[in-house]
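Observations on the model geometry
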2 protein chains.
Amino acid sequence: MRVLILGGDGYLGWPTALRFSARGHEVAVVDNFSRRRWHREQGTDSLTPIRELDARVGAWREVSGSEIRSYVGAVEGGDFLDRVVAEIRPEAVVHYGEQPSAPYSMMSRERAVETRHTNVIGTLNLLFSLRDHAPDCHLVKLGTMGEYGTPKIDIEEGFIEIEHKGRRDTLPFPKLPGSLYHCSKVHDSTNLHFACRIWGLRATDLNQGVVYGIETEETAREERLITRFDYDEVFGTVLNRFCVQAVIGHPLTVYGSGGQTRGFLNIRDTLQCVELAVENPAEGGEFRVFNQFTEQFSVGQLAELVKHAGEHLGYSVEIQHLENPRVELEEHYYNAAHTKLLDLGLQPTLLGEELVESMLHAIERHKGRVIESSIDPHTRWNPGERVQL
Amino acid sequence: MRVLILGGDGYLGWPTALRFSARGHEVAVVDNFSRRRWHREQGTDSLTPIRELDARVGAWREVSGSEIRSYVGAVEGGDFLDRVVAEIRPEAVVHYGEQPSAPYSMMSRERAVETRHTNVIGTLNLLFSLRDHAPDCHLVKLGTMGEYGTPKIDIEEGFIEIEHKGRRDTLPFPKLPGSLYHCSKVHDSTNLHFACRIWGLRATDLNQGVVYGIETEETAREERLITRFDYDEVFGTVLNRFCVQAVIGHPLTVYGSGGQTRGFLNIRDTLQCVELAVENPAEGGEFRVFNQFTEQFSVGQLAELVKHAGEHLGYSVEIQHLENPRVELEEHYYNAAHTKLLDLGLQPTLLGEELVESMLHAIERHKGRVIESSIDPHTRWNPGERVQL
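Residues numbered from 1 in each chain as written. Chains lettered and ligands numbered in written order. Predicted model: local features only at pLDDT ≥ 70, side-chain atom pairs only at ≥ 80, totals over all residues. Heavy atoms only, no water.

Structural notes on the overall build of chain A
Keep this limit in mind: Numbering of helices and strands runs from the N terminus, with a helix taken as a DSSP run of H or I at least four residues long and a strand as a DSSP run of E at least two residues long. The quantity called the radius of gyration is restricted to C-alpha atoms. Its globule counterpart is 2.2 Å times the number of residues to the power 0.38. Each residue's exposure class comes from its accessible area (1.4 Å probe, protein chains only) as a fraction of the maximum for that residue type: buried when under 20%, exposed when over 50%, partly exposed otherwise. Residue contacts are counted whenever heavy atoms from the two residues lie within 4.5 Å of one another. For accessible areas, the Shrake-Rupley method is used with a probe of radius 1.4 Å. Any residue's cover is judged against the shown protein chains and nothing else. Lys and Arg are tallied as positive, Asp and Glu as negative. Neither His nor the chain termini are counted. A single reference atom marks each charge: NZ on Lys, CZ on Arg, CG on Asp, CD on Glu.
A tally of regular secondary structure across chain A gives twelve helices and 14 strands. Taking 21 Å as the expected radius of gyration for a compact globule of 389 residues, we find that chain A reaches 20 Å, a close match to that expectation. Dimensions along the principal axes, computed over C-alpha positions, put chain A at roughly 65 × 55 × 55 Å. Classification of the 389 residues of chain A by burial places 63% in the buried group. Taking all contacts inside chain A whose residues are at least 6 apart in sequence as the whole, residues at least 24 apart take part in 82%. Carbon together with sulfur atoms contributes 46% to the accessible area of chain A, which is approximately 13,500 Å² in total. Side-chain charges of chain A comprise 41 positive and 57 negative groups, with the mean position of each set lying 4 Å from the other.

Examining the relation of the copies chain A and chain B
Convention followed: Here the copies are superposed with least squares, the fitted atoms being C-alpha atoms of residues at a pLDDT of at least 70 in both.
For the pair chain A and chain B, the relating rotation is 180°, the translation along its axis is 0.0 Å, and the fit reaches an RMSD of 0.0 Å. Here the two chains are linked by the operation of a two-fold rotation axis. Looking at the interface residues of chain A, 100% of them are also at the interface in chain B, so both copies use one shared face.

Re the packing of helix H6 (residues 109-133) of chain A against helix H7 (residues 180-199) of chain A
Residue and element names in this part refer to chain A. For clarity, the cut-off: In this analysis an axis means a line fitted to C-alpha atoms, helices contributing only their contacting stretch, and an angle means the value between N-to-C directions, from 0 to 180 degrees. Geometric relationships in this document are graded by angle, where less than 35 degrees denotes roughly parallel, more than 145 denotes roughly antiparallel, 65 to 115 denotes roughly perpendicular, and other angles denote oblique. Crossings are assigned a handedness: left-handed for a near helix turned anticlockwise from the far helix by less than a right angle, right-handed for a clockwise turn. Residue type decides the class: Asp, Glu, Lys and Arg count as charged, Ala, Val, Leu, Ile, Met, Phe, Trp, Tyr, Cys and Pro as nonpolar, and the leftover types, Gly among them, as polar.
Running from N to C, H6 and H7 cross one another at 15°; their axes reach a closest spacing of 9 Å. Classified by the angle between their axes, H6 and H7 sit roughly parallel to one another. Handedness of the crossing formed by H6 with H7: right-handed. Between H6 and H7, the contacting residues are Ala112, Thr115, Arg116, Asn119, Val120, Thr123, Leu127, Phe128 and Arg131 on the first element and Leu180, Tyr181, Cys183, Ser184, His187, Asp188, Asn191, Leu192, Ala195 and Trp199 on the second. In terms of residue class, the contact of H6 with H7 is built from ten nonpolar, six polar and three charged.

Quick notes on helix H1 (residues 13-22) of chain B
Since there are 3.6 residues in each turn of an α-helix, residues three or four apart along the chain are aligned in direction. Residue and element names in this part refer to chain B. Counting buried positions over the ten residues of H1 gives nine, a clear majority of the element. Here H1 has its buried residues at Gly13, Trp14, Pro15, Thr16, Ala17, Leu18, Arg19, Phe20 and Ser21. The inward-facing, buried residues of H1 abut strand S1 (2-6), strand S2 (26-31), helix H3 (53-64), strand S3 (68-72), strand S4 (92-95) and helix H9 (267-279). Backbone geometry just downstream of H1 places Gly24 in the positive-phi region, at approximately 95°.

Comments concerning the interface of chain A and chain B
Cut-off, in case you're wondering: Computed with a 1.4 Å rolling probe, the buried area is the accessible surface lost when two parts are put together, summed over both parts. Criterion for a salt bridge: a side-chain nitrogen of Lys or Arg within 4 Å of a carboxyl oxygen of Asp or Glu. In the analysis that follows, any N or O atom pair within 3.5 Å is treated as a polar contact, provided that within protein one partner can donate a hydrogen and the other can accept it, and provided that, for residues neighboring in sequence, both atoms belong to side chains.
If you look at the interface, chain A gives 62 residues, while chain B gives 63 residues. Counting each side, the surface lost to burial between chain A and chain B is near 6,000 Å², with a carbon and sulfur contribution of 62%. There are six salt bridges connecting chain A and chain B. Lys152 of chain A serves as the salt-bridge partner of Asp169 of chain B, at 3.6 Å between the closest nitrogen and oxygen. Joining chain A to chain B, the criterion identifies 23 residue pairs in polar contact (both at pLDDT 80 or more).

Considering the sheet that holds strand S4 (residues 92-95) of chain A
All names here are of chain A. The condition is simple: Note: two strands are recorded as paired if DSSP finds a minimum of 2 bridges between them.
Spatially, S3-S2-S1-S4-S5-S8-S12 is the arrangement adopted by the seven strands of the open sheet, whose pairing is parallel. Looking along the sheet, the strands with just one partner apiece sit at the ends: strand S3 (68-72) and strand S12 (287-292). In this sheet, adjacent strand axes meet at a mean angle of 20° when their direction is disregarded. Of the strand pairs in this sheet, strand S2 (residues 26-31) and S3 are connected by five bridges, and their pairing is parallel. Looking at the pairing, Asp31 lines up with Val72 of S3.

Here it is in structure tokens:
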């Protein structure tokens, strides 16, 4: 199968490219290295010393004998993307090519606009490219569980049947996004649904939970194949950040009470889910939504787990409750459906102390690279910068 | 009250500016004349010979003795908008400054992206400007009934109480936008709701129906104060277009069966509604949605009404059913709540033959200006331009 991976240089995009290549598919990746640029701009970096894309591709060629084609450019550049899609004529596109950080989107107007531009206009370009050059291609798009927010009812997978005043319809599940990044993902979902309804495209929106983990089967085969691993306040997600904190002796930074509950999954399961989605495509005209996570945890539970695992390995781990820089409920109802990927055959890798310990071991190897000043939260959701003129 | 009107040179924006100025408010308008530019680019024009903004403002000064301040620039220019908001420190912003045409948004990728940029990034800029320079200002934003689409259940005003698996919550009403323009309005709603929830802003989203009518109390006072009136396939809305067609002897262009049902209102009622919203502001942190229309009609009913009124005045009026260029249901359930503005005191101007006849009379005066080639639909929702490479 011809598989095009947008954002193929990223934390998940690169391992996904390796996975599909390892399975014998023809893989091409697109990236404009914006994630690397954003890190440089903020003086942060991946914990793992990742190689440049061409070196990674070369290493994979040596290791596997397979070629990954790479295109350097931005999805928000419509003409560029059009040319790539017309040239590859992909049977599946896996779209990770977005600005993925909630704090980044909340830093300033400029960064909020950049997020909107990259994500929403990028995806809109992609929908036009598929309509015009690959209308039967299956689009597998990374969304986020954060689109739903924390409603007081159970969260379903994308749609909900509503009975209202004696009538009934199945409609898009209402969204309560918690950051401007999450808003951009909600916009994407609306646009994907539209393109499937109006243009007959086929798409699967993977509303992914928070990903943790440092390696996959393929990235572990060779040092030059490792993927990035972020732990800073902007791009680091909570469990990855806690693990780095445990290793370097920095208190685990819990925002507020820590009662915030979310869905989580292992990076290895991200690859399983994307593979399952690609192997079982949506129908023409179908917009399908899968909630892509395996377990729910509160932030406080994760901190306790990392503390316990860390102490078992001899680290001294302290949990620190910081004033919450975000505007979010810290104690709330949360029960999200996630059966559709299980129905397709997902075998979850569950989180436990052993898994955390293996992450701590992997982090230990690179701990000299940690930039400790980038860990504590500086980005406030409501900065109170109300200028009185 | 200091009132800032974005898109103050437009069909609704200009009459709104006059209305608030006539009521004694301090009015400033922002416009970048993109609507005039889009018409020039397409070889179309307003039926009414509208004056340039500075000439209109001068005419209003002569007629009323009141000054309307004008700022020429784009809402999607964040720094410009920031300066204007900081200078005016508005107590209310009425935001019409968007690309308002569904067909325009469906013409090409470039125009879809432009619509997204103008509307979504423009409104995002505005939210930041309000947060930073006028956090207590009440934002009155024009949305559209078209955000809801045509679900099989009753449409409520912005939110719906959902009972699901024994639990209950009031959540944003699910949206099924019918064009990329309508998608952009859905995105705006998500962003407004976010800004109210997270930043404590106050906003009213006016989900407006299809507006008809050619003059308001203030625009009728002097020839130089008239507002624009569009009848072309891109910017002309259905009833206005039918009236022009009746006067020039062009068949009324009904798309498909004509069973499409929507909410409608008179331009005079738009001004009433906006006034009511401004006079009764949302609370701090509140995101309020009003469905702004007075009556529901099907396209077929409107065609019959115009045919009847036109023939009463001696025109020969034919109704033509064209192949529908849009992808939409032509026969569907439609029942949308619209009580909140009535509760605030809206006195509807109902549509009837007499009102249509007065529109036909007004159009008759300008019928020599009609560009007939711009009337029939050329923009297809699903152009089938699937390039086979």
